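Each chain, written out:
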Amino acid sequence: MGLKEQRNCLSQRKIIVFLVSAFIPIALFRLCFTNPFSAIDDTSLQESAAHVVITSYSSSSQEEETQESYDRVKEENLCDYTQGKWVRDEIGPLYNGSTCGTIKDGQNCFRHGRPDSGYLYWKWKPNQCDIPRFDANRFLDLMKDKHLAFIGDSMARNQLESLICLLSTVSSPDLVYRNGEDNKFRKWRFESHNVTVSVYWSPFLVAGLEKSGNLDHNVLNLDRVDGRWGNDLERIDTVVVSVGHWFLHPAVYYEYGSVLGCHSCEASNCTEIGFYDVFRKAIRTTLKAVVGGRREVILTTFSPSHFEGRPWDSLGACNMTEPYEGKVLEGLDLDMRQIEMEEFTAAKAAAGEVRLAALDVTAMSVLRPDGHPGPYMYSFPFKNGVPQRVHNDCLHWCLPGPVDTWNEIMIEMLRRWKV
């Protein structure tokens, strides 16, 4: 190589070294003082973080993927699961009417002879994410050494029995307490994780008397909660509240010892005030009592019925076999849910950083007229032919059925509190 070529090569190397030396500080400056993700909009980030793939439990790699999806960071936003649709699901439920022994007889549609099974093969698909399939082991891990209590009416019991069936797929519960007719007060223990799950019958949440043979109306005391669960509150770690339909019945209302008014009280000497404001007061009193400290509180919103103007003993009441498409909330369902959501929002704002969530199931549930027992609240109702009249349950949900989805969403709420 000649002298001229050597000088040219040396000059080129000096230029390269100079350029590299100048570039490195610039790159370090940009990395430290600028946001590399500033070009990605917040909406796309939220959708990406909320998306969780449904996985099975058949292989170690799938289990690791499920665990990873559950262990995302605390800042992850729960997707808006209230907006979506029911789609076909060929996998089907995790349990059935024969494998779970805690299903209330009137909701065991399969064993009572319901001939169609299509209602079992639907899953709720939010518009912007997926809801993971219920993981019983994960739920028990989240609730280890805890007491979870469902408080409310028969809809609280419906959700409770769904949860017990789902958990029973991996761990057998021990029924350690039972009291009251129709299993209104029960308590189970899952010894494998020291988890207690209980149900408290309290159809008004507040103190009162239910109508009986000597009393043709209910009596509610709106200023204090029902002591049957209120006295145990300090021993409960997680509360799930669910009520609504009992407020439609005739009742007289008291507040601080004085008569406030009544509902459907033609024979009483008090003012008719309806039940909407009373329902609001009961929810408000309850949330004030349960919210606070480290306790986790979930308010399950109003569960719609599907009698839809037909008599409860008419043939064809809630005889649908597929979900609705595009049905919107209206009337009672809309009003009751709105009251609950308003009280939930107010309680959360007043209490600040508390573990309070609304399990907003009203809109998704109104799309499932096929999910009720209907005439199969009784065993084989047409075994002796088709009668002119038949009792129908168009309020509660078959087990398994749509109510299982409520618990799939609930575990998502619980896991975000555990991070």
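For the structure given in this document, a descriptive report is provided here. (Residues numbered from 1 in each chain as written. Predicted model: local features only at pLDDT ≥ 70, side-chain atom pairs only at ≥ 80, totals over all residues. Heavy atoms only, no water.)

**Topic: the packing of aromatic side chains**
Each aromatic ring pair is described using two quantities: the centre-to-centre distance and the angle formed by the ring planes. Taken as a whole, this structure holds eight aromatic pairs when the rule is applied. When the ring of Phe134 is compared with that of Phe139, the centres are 5.7 Å apart and the planes differ by 35°; the resulting orientation is tilted. When its relative accessible area of 2% is taken as the criterion, Phe134 is described as buried. For Phe139, a relative accessible area of 0% corresponds to the buried category. On the basis of an interplanar angle of 80° and a centroid distance of 5.6 Å, the ring pair of Trp201 and Trp246 is categorised as edge-to-face. With a gap of 45 residues between them, Trp201 in strand β6 (residues 195–201) and Trp246 in the loop between β9 (238–242) and β10 (251–255) connect regions that are remote in the sequence. Overall, the relative accessible area of 7% leaves Trp201 in the buried class. Through a chain of ring-to-ring contacts, the aromatic side chains of Trp201, Phe204, Trp246, Phe247 and Phe279 assemble into a single cluster. The ring of Trp122 has Arg88 lying over it, and the distance from NZ or CZ to the ring centre is 4.6 Å. (Phe/Tyr/Trp six-rings, centres within 6.5 Å; stacked < 30°, edge-to-face > 60°. Buried < 20%, exposed > 50% of the residue type's maximum accessible area, 1.4 Å probe, protein only. Helix = DSSP H or I, 4+ residues; strand = E, 2+ residues; numbered from the N terminus. Lys NZ or Arg CZ within 6 Å of the ring centre and 35° of its normal.)

**Concerning the pairing of strand β13 (residues 355–359)**
Burial of β13 is extensive: five of the five residues sit out of reach of the surface. Residues Arg355, Ala357 and Leu359 of β13 are buried on one face, and the alternating residues Leu356 and Ala358, pointing to the opposite face, are buried as well. Judged from the five bridges that link them, strand β12 (residues 296–300) and β13 form a sheet pairing that is parallel. Bridging across to β13, Leu299 finds its partner in Ala358. (Pairing = 2+ DSSP bridges.)

**So, the state of the cysteines**
Within this structure, the stated rule accounts for five disulfides. One disulfide bridge connects Cys79 with Cys129, the sulfur atoms lying 1.9 Å from each other. Where Cys79 bonds to Cys129 through sulfur, the torsion about that S-S bond is close to 45°, and the disulfide is right-handed. Placement of Cys79 in the loop between α3 (60–70) and β1 (84–88) and of Cys129 in the loop between β2 (122–126) and α4 (136–142) is noted, with a sequence separation of 50 residues between them. For the residue pair Cys79 and Cys129, the accessibility class agrees, reading buried in each case. The disulfide bridge from Cys318 ends at Cys394, spanning 2.1 Å between sulfur atoms. Between Cys318 and Cys394, the S-S torsion sits near -75°, and that sign places the bridge as left-handed. One end of the pair, Cys318, is in the loop between β12 and α8 (331–351); the other, Cys394, is in the loop between α9 (362–365) and α10 (403–418), with 76 residues separating them in the sequence. (Disulfide = S-S within 2.5 Å.)

**So, the nonpolar core**
Formed by 51 residues in total, the largest nonpolar core has its most connected members in Phe139, Phe150, Leu163, Val197, Leu359 and Met410. Excluding anything up to four places from it in sequence, Val197 contacts Leu148, Phe150, Leu160, Leu163, Ile164, Arg186, Lys187, Trp188 and Phe190. (Core = buried A, V, L, I, M, F, W, Y, C linked by side-chain atoms within 4.5 Å. Contact = heavy atoms within 4.5 Å.)

**Points about the sheet that holds β10**
Pairing is mixed in the open sheet, where four strands are placed in the order β7-β8-β10-β11. Only two strands of the sheet have a single partner each, and these edge strands are β7 (206–209) and β11 (258–263). Taking each pair of neighbouring strands and ignoring which way they run, the sheet shows an average axis angle of 25°. When β7 meets strand β8 (residues 218–225), the two strands line up antiparallel, connected through four bridges. Within β8, the residue paired with Leu209 across the bridge is Val219. (Axes fitted to C-alpha atoms, helices over the stretch in contact; angles between N-to-C directions.)

**A word on the environment of Trp188**
Position of Trp188 relative to the elements: it lies in strand β5 (residues 185–190). In sequence terms Trp188 and Leu175 are 13 residues apart; their C-alpha atoms lie 4.4 Å from each other. The residues touching Trp188, leaving out its near neighbours within four places in the chain, are Thr102, Leu160, Ile164, Pro173, Asp174, Leu175, Val176, Val195, Thr196, Val197 and Val199.

**Focus on the pairing of β12**
When you tally the buried positions in β12, you get five out of five residues, the bulk of the element. What you see with β12 is no split at all: Glu296, Ile298 and Thr300 on one side and Val297 and Leu299 on the other are buried throughout. Handedness of the crossover joining β12 and β13 through α8 is recorded here as right-handed. (Right-handed = clockwise from strand over helix to strand, strands pointing away.)

**Notes on the sheet that holds β6**
Taken together, seven strands build an open sheet; the order of strands is β4-β5-β6-β3-β9-β12-β13 and the sheet is mixed. For this open sheet the edge positions go to β4 (174–179) and β13, each flanked by a neighbour on one side alone. For this sheet, the mean inter-axis angle between neighbouring strands, taken without regard to orientation, is 15°. Sheet topology places strand β3 (residues 147–152) next to β6; six bridges connect them, and they run parallel. Among the inter-strand pairings, Ile151 is bridged to a residue of β6, identified as Tyr200.

**Some thoughts on α10**
The end-to-end C-alpha separation of α10 is 24 Å, in line with the 22 Å expected for 16 residues at 1.5 Å each. Among the 16 residues of α10, 15 are classified as buried, and the element is accordingly described as predominantly covered. (Expected span 1.5 Å × (residues − 1).)

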